[in-house]
Amino acid sequence: MKLGLLIVYAVLGLIFLITGWGVLKKHSAYPSTQAGYHVKDAMENQKAWELANQAAGKLSLVCGVFVWLLMAVLWLAKASFALCLGIFFVVAVASVCLVIFVPLGLLRKKGKR
């Protein structure tokens, strides 16, 4: 892995970690939904708001740690640039989808009960 790609992995992991911490610990208190996980289902009531922010924050933190661990493994394995770049895009897209859609799915599942 080249240094430039190592920095890109580190920045992505840092973005997930900062976002996760912010959504988990620093989201605004309901009914003010200025800062936090913004989807219509999450802003319906306080319970949904807290659930969505907790889930999105924790998932974002997990994704950030995973990206950093993956970066370390690829660095130590001396993986090729093409492999590292391909894995980066797959992990980035999968992580973003996970952080966005899993909390939304939880909210909709709870709403149907």
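Check the entry above for the structure.
Residues numbered from 1 in each chain as written. Predicted model: local features only at pLDDT ≥ 70, side-chain atom pairs only at ≥ 80, totals over all residues. Heavy atoms only, no water.

(A) Region of the structure containing the packing of helix H1 (residues 3-25) against helix H2 (residues 46-76). Across the interface, H1 lies against H2 with an axial gap of 7 Å and an inter-helix angle of 160°. One finds that H1 runs roughly antiparallel with respect to H2. As for how H1 packs across H2, the hand of that crossing is left-handed. Residues that form the contact of H1 with H2 fall into these classes: 20 nonpolar, 8 polar and 1 charged. (Axes fitted to C-alpha atoms, helices over the stretch in contact; angles between N-to-C directions. Helix = DSSP H or I, 4+ residues; strand = E, 2+ residues; numbered from the N terminus. Parallel < 35°, antiparallel > 145°, perpendicular 65-115°, else oblique. Left-handed = near helix turned anticlockwise from the far one by under 90°. Nonpolar A, V, L, I, M, F, W, Y, C, P; charged D, E, K, R; others polar.)

(B) Looking closely at the side chain of Asp41. With respect to the helices and strands, the residue Asp41 is situated in the loop between H1 and H2. According to the relative accessible area criterion, Asp41 is buried, its value standing at 17%. A polar atom in the side chain of Asp41 sits 2.7 Å from the side chain of Arg108. Excluding anything up to four places from it in sequence, Asp41 contacts Ala48, Leu104, Leu107 and Arg108. (Buried < 20%, exposed > 50% of the residue type's maximum accessible area, 1.4 Å probe, protein only. Polar contact = N/O pair within 3.5 Å; in protein donor to acceptor, adjacent residues only side chain to side chain. Contact = heavy atoms within 4.5 Å.)

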